[in-house]
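Secondary and tertiary structure notes
The chain contents come next:
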Amino acid sequence: MGELMPAKQAVVSIDKDEAEATMTFSSVLDLSSIPGAGLSGSLQGPGITPGQRTITLTSPVKASGGAYVFSGAGSTETLTFNYEGRIEEGKMTVYLTDCLLRNQTAAGVYAPAPIRKEGLEYVSLPLHLVWELDPAAGIELPLSDVLKLVATAPVIPVYGGTAYMSFAQGLESVVKTIAFNPTGNVPVMYVSTLGGAAHLATTSGNMLQYAPAPGGVTLYVNPMSVFGEFLLVTSDNKNDDKFDFKAMLGRADEGGADSSQESADMTMALLSVLIKTLAPQIADGVPLAVTPTESGIDAYLDTKTSVTFLANLLENALQNPTVMVELMKYIGSAQLPEGVTAADIQEVIVNVGEYLQKTTRLEVGLSLVKYQQAQ
């Protein structure tokens, strides 16, 4: 209660004779309002509760101080909740409280799996990455290893460009917990260095929501919240309790302006690519398969969803010069798996459609361990 949910809208009608209000909630995203993303048009977004695009509440209302106040209990196929609010001229405030998923099987608190390597092989990563082709295709490239190479390559500049980290290292060191709460919210706890000293901070709980589904969960992403978080963490507001990317990527007064700006541009470009890729699934959620492991769970896009996701991701990425310049720069300098050349990887990128047609298994997601609180 008390956390804002951006990009939501309500249509309200009040029957004064019956002292009753009917309120229909939904979400429409104005993509042009996302600064720096280069997007336009509108997009149907996820609803105010996980699992429903729209929800209608009918509630008794009582006149109070020039407004109408209301409260009650509501439910959907996936969630039960209480609500209270106030309707004024041109404005309505609603609070959802005591939210509880009907199905609690997916609830739990997890942390990214640690990075562990034995010899040349990773035996543990915070990412779940599998890519297999039909043997009849006659293609010998170890595509799972290529995905892991990209995930573990130290290509993200930190501390003013004096050091580099990989995406996998960022997950392990920055993200502390990912909680699938009984409420349906998925808050993420992470390390913030804003203001100097490192401390823990948490994302808005309703930025990510979920609902149990056969074989896993459905994840609902509020893109406006994601971009809002990005703008906050890249701000210079030292009093903000968000993760300070500018502190890590190098502030202008520390001589790291170029790497900071390049990294911010790259991040915005990737976010733009991701929102275009996920657009068809934003309203109804992104299906994630969830499989138990010895120490936790792997949550990932299944093969059908992964193939569609990767095809759309690379199609949008190929059209984004910022992303492609950085990708090709990395490929040209990376230490590649034995028997794999830069030309091989470029071949996969350019002809990814053919590879995806021959794919028998593709899984992209997170590998999580059960969170153990330090004693």
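See above for the structure.
Residues numbered from 1 in each chain as written. Predicted model: local features only at pLDDT ≥ 70, side-chain atom pairs only at ≥ 80, totals over all residues. Heavy atoms only, no water.

Right, let's get into the nonpolar core. Residues F81, W131, F180 and Y210 are the most contacted members of the largest nonpolar core, which totals 67 residues. Residues in contact with W131, not counting those within four places in the same chain, are L143, S144, L147, L310, V348, Y355, L356, T359, R361 and L362. (Core = buried A, V, L, I, M, F, W, Y, C linked by side-chain atoms within 4.5 Å. Buried < 20%, exposed > 50% of the residue type's maximum accessible area, 1.4 Å probe, protein only. Contact = heavy atoms within 4.5 Å.)

The pairing of strand β1 (residues 8-15) with strand β2 (residues 20-30) spans 8 bridges and is antiparallel. Bridging across to β2, S13 finds its partner in T22. Taking the residues between adjacent antiparallel strands as the criterion, β1 and β2 are bridged by 4 residues, where A19 takes a positive phi near 55 degrees. (Pairing = 2+ DSSP bridges. Helix = DSSP H or I, 4+ residues; strand = E, 2+ residues; numbered from the N terminus.)

Notably, A19 is not glycine yet its phi reads approximately 55 degrees, a positive angle. Topologically, A19 is positioned in the loop between β1 and β2. For A19, a relative accessible area of 31% translates into the label partly exposed. Even without being glycine, D98 reaches a positive phi, approximately 55 degrees. Checked against the element boundaries, D98 lands in strand β7 (residues 91-101).

Take the pattern of salt bridges next. Under the defined criterion, the tally for this structure stands at 4 salt bridges. Of the charged contacts, one joins R86 and E88 as a salt bridge, the two residues approaching to 3.7 Å between their closest N and O atoms. Owing to a relative accessible area of 29%, R86 belongs among the partly exposed residues under this scheme. Classification of E88 as partly exposed rests on a relative accessible area of 35%. Across the pair E363 and R361 runs a salt bridge, and its minimum N-O distance is 3.1 Å. A network of salt bridges, in which partner residues are shared, links E132, R361 and E363. (Salt bridge = Lys/Arg side-chain N within 4 Å of Asp/Glu carboxyl O.)

Summarising burial for strand β15 (residues 188-192): 4 of the 5 residues are buried, a large majority. Pairing geometry for strand β14 (residues 175-180) and β15, over 3 bridges, is antiparallel. Of the residues in β15, the one forming a bridge with V175 is Y190. Pairing between β15 and strand β16 (residues 199-202): 4 bridges, direction antiparallel. Counted as the bridge partner of S192 is H199 from β16.

All right, on to the side chain of S225 then. Examined against the element boundaries, S225 turns out to sit in helix α3 (residues 223-233). Overall, S225 belongs to the buried group, its relative accessible area being 10%.

Moving on: the layout of surface pockets. Computed from the structure, the second largest pocket encloses a volume of approximately 700 Å³. Lining the second largest pocket are 24 residues; nearest its centre among them are E3, M5, V94, Y95 and L96. At the level of secondary structure, the elements contributing two or more residues to the lining of the second largest pocket comprise β1 and β7. A class-by-class count of the residues in the lining of the second largest pocket yields 13 nonpolar, 9 polar and 2 charged. (1 Å grid on protein atoms, 1.4 Å probe; cavity = no way out; pocket = protein on both sides within 12 Å on 5 of 7 lines; lining within 4 Å. Points joined across faces, edges and corners; volume = space filled by probe spheres on them. Nonpolar A, V, L, I, M, F, W, Y, C, P; charged D, E, K, R; others polar.)

Here we come to the packing of aromatic side chains. On inspection of all chains with the given rule, the structure shows 4 aromatic pairs. Both rings, one in F70 and one in Y83, keep their centres 6.1 Å apart while their planes meet at 45 degrees; by these two values the pair is tilted. Of this pair, F70 sits in strand β5 (residues 67-75) while Y83 sits in strand β6 (residues 79-88); the two residues are 13 residues apart in sequence, bridging distant segments of the chain. Judged by relative accessible area, Y83 falls into the buried class, the value being 5%. Measuring from centroid to centroid gives 6.5 Å for F81 and Y83, while their planes differ by 50 degrees, and the two rings are tilted. Through a chain of ring-to-ring contacts, three or more aromatic side chains come together here, namely F70, F81 and Y83. (Phe/Tyr/Trp six-rings, centres within 6.5 Å; stacked < 30°, edge-to-face > 60°.)

A few words now on a negative patch on the surface. There is a patch of like negative charges on the surface, built from D15, D17, E18 and E20. Tracing the backbone through its elements, the reader meets E18 in the loop between β1 and β2. Judged by relative accessible area, which is 57%, E18 ranks as exposed. (Patch = residues over 30% accessible without salt bridge, like charges linked within 9 Å, V, L, I, M, F, W, Y side chains within 5 Å. Areas by Shrake-Rupley, 256 points an atom, 1.4 Å probe, with all protein chains shown as cover. Lys, Arg positive; Asp, Glu negative; His and termini not counted. Charge placed at Lys NZ, Arg CZ, Asp CG, Glu CD.)

Let us now look at empty space enclosed by the protein. Under the definition given, this model contains 1 cavity of 30 Å³ or more. Roughly 50 Å³ of volume is contained in the largest cavity. In terms of lining residues, the largest cavity is bounded by M5, K8, P46, G47, N206, M207, Q209, Y220, V221 and N222. Per-class residue counts for the lining of the largest cavity are 5 nonpolar, 4 polar and 1 charged.

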